[in-house]
Amino acid sequence: MTSTKLITRRQALITGVSSLGGLALAGCSDELPPTYGNLLRIGDVLTYKAHRLLLPERTLAKEYARSEITSIAAIGTTDPGDARQELFTPDYGEDYARLRGDDFADWRLEVEGSVARPGSYSLADLKRFPSRTQITRHQCEEGWSAIAEWTGVPLRTVLEASGVNASARFVQFYCYDIVADGIDMLDALHPQTILAYGMNGRDLPVAHGAPLRARVETQLGYKSMKYLRKIVVTDEFDDLGPYGPLRNGWAWYAGI
Ligand SMILES: Nc1nc2c(c(=O)[nH]1)N[C@H]1C(S)=C(S)[C@@H](COP(=O)(O)O)O[C@H]1N2
Ligand SMILES: [Mo]
């Protein structure tokens with residue numbers, strides 16, 4: 001670790017803790033992370049605890065120059081409206097196909113759970129919030145990585161607009177395919193955790209998660225859920241069972 005980084009982190013710590021961040025820290029202090037009563041999962045616990053102890057919550061993932069943008073493969077679901085795809089579900093896949101047919105004009109992101117103001121947001125609503133653009137490296141659990149530019153609204157902004165309860169500790173993402181996943185409040189409030197509607201200066205393509213995907217730059221690629229339809233804020237941990245990352249034998253916490 002270079003001394004510049006140390007200074008940056010310390011400054012981040014001193015300047016960075018606002019009321020929500022403080023809340024999240026207080027809420028996340030002790031019993032985390034979720035463990036699965038499995039010896040092999042002790043590694044997850046240690047990784048999580050080490051990250052949470054060593055890194056102030058505002059440490060930023062590296063950002064790149066436009067000239068460093070690479071091509072990026074589309075992985076997993078590439079069209080949730082296509083019944084032949086492995087993670088297709090008729091529950092939402094047909095809705096997706098219909099919404100896509102109308103350029104997502106009727107699409108809305110539901111926000112519910114442990115919030116004072118549950119509600120839903122159209123793409124236009126989300127685009128009215130201040131946006132953030134970041135050029136970051138996507139790191140897939142399979143070993144490949146790619147650099148792309150993402151534009152969206154910080155998840156924190158949407159959480160603040162929804163009035164997150166003081167007891168809230170996790171944010172769960174639900175998609176138009178069958179999968180779901182979640183992050184803790186520290187990652188949810190991280191300045192680079194955004195709900196992205198743009199990629200490389202254009203609307204987010206369908207293959208990469210249109211109309212809206214999460215970018216969780218502090219964790220491996222599979223935590224950046226594509227095709228969002230609903231966000232649920234929870235007070236309790238829930239690994240989402242067969243719909244969550246454990247279904248693939250992946251760790252719930254995939255910090256990098
Ligand atoms: N809804 C949904 N989100 C998803 C996936 C998926 O299959 N469905 N795949 C994940 C994985 S493993 C990776 S590496 C990235 C891939 O994003 P990309 O297709 O834009 O490269 O999306 C993640 N988010
Ligand atoms: Mo991945």
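For the structure given in this document, a descriptive report is provided here. (Residues numbered from 1 in each chain as written. Chains lettered and ligands numbered in written order. Predicted model: local features only at pLDDT ≥ 70, side-chain atom pairs only at ≥ 80, totals over all residues. Heavy atoms only, no water.)

Considering helix 6 (residues 155-162)
Just so we agree on the cut-off: A 1.4 Å probe rolled over the protein chains alone gives each residue an accessible area, and that area as a share of the maximum for its type sets the label: buried under 20%, exposed over 50%, partly exposed in between. A helix here means a DSSP run of H or I that spans at least four residues, while a strand means a run of E at least two residues long, and both kinds are numbered starting from the N terminus. Summarising the geometry, the arc corresponds to the directions from the helix axis toward the C-beta atoms.
When we look at burial in helix 6, the residues that qualify are Leu155, Arg156, Val158, Leu159 and Ser162. Angularly, the buried residues of helix 6 cover 165° about the axis, an arc narrow enough to put them on a single face. Of the residues flanking the end of helix 6, it is Gly163, one or two places downstream, whose phi is positive at about 70°.

Points about the pattern of salt bridges
Rules: Salt bridge criterion: a side-chain nitrogen from Lys or Arg within 4 Å of a carboxyl oxygen from Asp or Glu.
For the structure on display, the rule yields 13 salt bridges. The salt bridge partner of Asp125 is Arg128, with a shortest N-O separation of 2.5 Å. Pair noted here: Asp125 and Arg128 are both in helix 5 (residues 123-128), with a separation of 3 residues, about one helical turn. On the basis of relative accessible area, Arg128 is assigned to the exposed category, the value being 62%. Here Arg156 and Glu160 are joined by a salt bridge, their closest N and O atoms 3.2 Å apart.

Quick notes on the site of ligand 1
In plain terms, the rule: Nearness here has a simple test: a residue counts as near a molecule or strand if at least one of its heavy atoms is within 4 Å of that partner. Polar contact is defined as a pair of N or O atoms within 3.5 Å, subject to the rule that within protein one atom must be able to donate a hydrogen and the other to accept it, and that residues adjacent in sequence are counted only when both atoms are side-chain atoms. Here a cavity means grid points, on a 1 Å grid over the protein atoms only, where a 1.4 Å probe fits yet cannot get out; a pocket means an open set of points with protein on both sides within 12 Å along at least five of seven lines; lining residues are those with an atom within 4 Å of a point. The rule for placing a molecule in a cavity or pocket is simple: more than half of its atoms must lie within 2 Å of the grid points. Only Asp, Glu, Lys and Arg are considered charged in this grouping, and only Ala, Val, Leu, Ile, Met, Phe, Trp, Tyr, Cys and Pro are considered nonpolar; every other residue, Gly among them, is considered polar.
Neighbouring ligand 1 are 24 residues, the closest being Ala73, Asp177, His208, Arg213 and Lys226. For ligand 1, an oxygen atom lies 2.8 Å from a polar atom in the backbone of Ile75. Side-chain polar atom of His208 to an oxygen atom of ligand 1: 2.6 Å apart, as the coordinates give it. The cavity that encloses ligand 1 is the second largest pocket. When grouped by side-chain class, the residues that make up the shell around ligand 1 number 14 nonpolar, 6 polar and 4 charged.

Examining the packing of aromatic side chains
Note the cut-off: In this analysis, rings of Phe, Tyr and Trp, with Trp reduced to its six-membered ring, are considered paired at centre separations within 6.5 Å, and the interplanar angle assigns stacked below 30 degrees, edge-to-face beyond 60, and tilted for intermediate values.
Per the stated rule, a full pass over the model turns up 10 aromatic pairs. On the numbers, 5.6 Å between centres and 85° between planes, the contact of Tyr96 with Tyr227 is edge-to-face. Of the two residues, Tyr96 sits in helix 4 (residues 90-101) while Tyr227 sits in the loop between strand 9 (213-215) and strand 10 (228-234), which places them 131 residues apart along the sequence. Taken together, a centroid distance of 5.8 Å and an interplanar angle of 75° make the contact between Phe170 and Trp252 edge-to-face. Taken together, the positions of Phe170 in strand 5 (residues 170-175) and Trp252 in the segment after strand 10 put the pair 82 residues apart, joining distant regions of the chain.

Considerations on the layout of surface pockets
Selection criterion: Grid points are joined across faces, edges and corners, and a volume is the space filled by probe spheres set on the points.
Considered as a void within the structure, the second largest pocket measures approximately 600 Å³ in volume. As for the second largest pocket, its lining consists of 32 residues, of which Ile75, Gly76, Thr77, Tyr222 and Trp250 are closest to the centre. Counted by class, the lining of the second largest pocket contains 15 nonpolar, 9 polar and 8 charged residues.

Digging into the pairing of strand 4 (residues 145-154)
As a reminder of what qualifies: What makes two strands pair is DSSP finding at least two bridges between them.
Counting buried positions along strand 4 yields 9 of 10 residues, so the element is predominantly enclosed. The turn joining strand 3 (residues 132-139) and strand 4, which pair antiparallel and follow one another in sequence, is formed by 5 residues; a positive phi near 115° is taken by Gly143. Bridging between strand 4 and strand 7 (residues 194-199) involves 5 bridges; their strand directions are antiparallel. From the neighbouring strand, Pro154 faces strand 7, where its bridge partner is Ile194.

Some words on the sheet that holds strand 5
Convention followed: Fitted lines through C-alpha atoms serve as axes, helices being fitted only where they are in contact, and the angles separating the N-to-C directions of these axes extend from 0 to 180 degrees.
As summarised here, the arrangement of the 5 strands in space is 2-1-10-5-6, forming an open sheet in which the pairing is mixed. A strand with exactly one partner marks an edge of an open sheet, and here the two such strands are strand 2 (119-122) and strand 6 (180-184). Going across the sheet, the axis of each strand differs from the next one's by a mean of 20°, ignoring polarity.

Structural notes on the pairing of strand 10
Taken residue by residue, a regular strand's side chains alternate between the two faces of the sheet. Along strand 10, 6 of the 7 residues are buried, which leaves the element largely enclosed by surrounding structure. Both strand 1 (residues 108-113) and strand 10 contribute to a ladder of 4 bridges, which runs parallel. For Glu110, the partnering residue across the bridge sits in strand 10 and is Lys230. Summarising the sheet, strand 5 and strand 10 pair through 6 bridges and their orientation is antiparallel. Residue Val171 lies in a different strand from strand 10, and its bridge partner there is Val233.

Scope: geometric values only; no functional claims are made or implied.
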